[in-house]
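Inside the fold
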Amino acid sequence: MINILVSNDDGVQAEGIRCLTEALSAFATVLTVAPDRNCSGASNSLTLTNPLRINSLGNGFIAVNGTPSDCVHLAIRELCKQEPDIVISGINAGANMGDDTLYSGTVAAAMEGRFLGLPAIAVSLAGKELLHYQTAAHFSAKIVQGLLAHPIAKDQILNVNVPDLPIEAIKGIKVTRLGARHKAEGMVKTQDPAGREIFWLGPVGKEQDAGEGTDFDAISQGYVSITPLTVDLTAYNQLAGLEHWITKL
């Protein structure tokens, strides 16, 4: 039986992580380690100035007072009795497509698993009502088994988005690239009860690149989207050009 580490960014009590753990437990030994609160938007942040504490819950899950990346790092280094075969992050409450992946704690948790040498998948449920976590769990199990049988490059993870539809309504699975959004809308300025100015992040930008082949397009048509993401951020196609002009400085 394979060993799977499950984490997320929505917190250890989230419905998505419960559904994912249940689905994977049908064929694997699963350890679930997640933040003790919602950490959406945490990206790849690590806790450096405070100690991490764990709390074992009645359902076997482990809560950590840290970020998604903290949870995966701590679990692999200290909490797993045996190194996992794969790390799965999710199921996120909402899509992680296009530019959103840069901010996503869900994607970051998967990346932390890859940084530590393990195959990794990030899974998100794409929709507004978020009713069909079981659909995302169903496809997560299939994709996990497929990835273990057909590994991808060691500097990549899979970013999976599943439409918020019943299983029978899903049209299939598409391999996609990231789309893109217009820049985010402005901040929302208001006041706290004491009359001091406070600011909220404004809404995300509308879809800009959502054409054929993108994750946005696949989801809009009722397909599961799988996008391979590279962990190495180097723009290799720019190295030669940069080398050319940098020598003239």
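What counts and what doesn't
Residues numbered from 1 in each chain as written. Predicted model: local features only at pLDDT ≥ 70, side-chain atom pairs only at ≥ 80, totals over all residues. Heavy atoms only, no water. Pairing = 2+ DSSP bridges. Helix = DSSP H or I, 4+ residues; strand = E, 2+ residues; numbered from the N terminus. Axes fitted to C-alpha atoms, helices over the stretch in contact; angles between N-to-C directions. Contact = heavy atoms within 4.5 Å. Salt bridge = Lys/Arg side-chain N within 4 Å of Asp/Glu carboxyl O.

1. Quick notes on the sheet that holds strand 13 (residues 223–230)
The strands making up a sheet are joined through hydrogen bonds of the backbone, oriented either antiparallel or parallel. A sheet is described by the order of its strands in space; here nine strands give the open sequence 3-4-2-1-5-6-7-13-8, paired in mixed fashion. Where the open sheet ends on each side, the last strands, each with one partner, are strand 3 (54–56) and strand 8 (172–175). Neighbouring strand axes in the sheet, compared pairwise and without regard to direction, differ in orientation by 25° on average. Each of strand 1 (2–7), strand 5 (86–93), strand 6 (120–126), strand 7 (156–163), strand 8 and strand 13 touches helix 4 (residues 133–149); the most contacted strand, strand 5, lies at about 160° to it.

2. Looking at the pattern of salt bridges
Counted under the stated rule, the structure contains five salt bridges. Of the charged contacts in the structure, one is a salt bridge between Asp36 and Arg37, with a shortest N-O distance of 2.8 Å. For the salt bridge of Lys189 with Glu197, the shortest nitrogen-to-oxygen distance reads 3.6 Å. The structure contains a network of salt bridges with shared partners spanning Glu15, Arg18 and Glu22.

3. With respect to the pairing of strand 10 (residues 188–191)
Alignment of strand 10 against strand 11 (residues 197–200), held across four bridges, turns out to be antiparallel. The residue bridging Lys189 from the neighbouring strand is Phe199, located in strand 11. Counting the residues that bridge the hairpin from strand 10 to strand 11 gives five residues, and of these Gly195 lies at a positive phi of roughly 85°.

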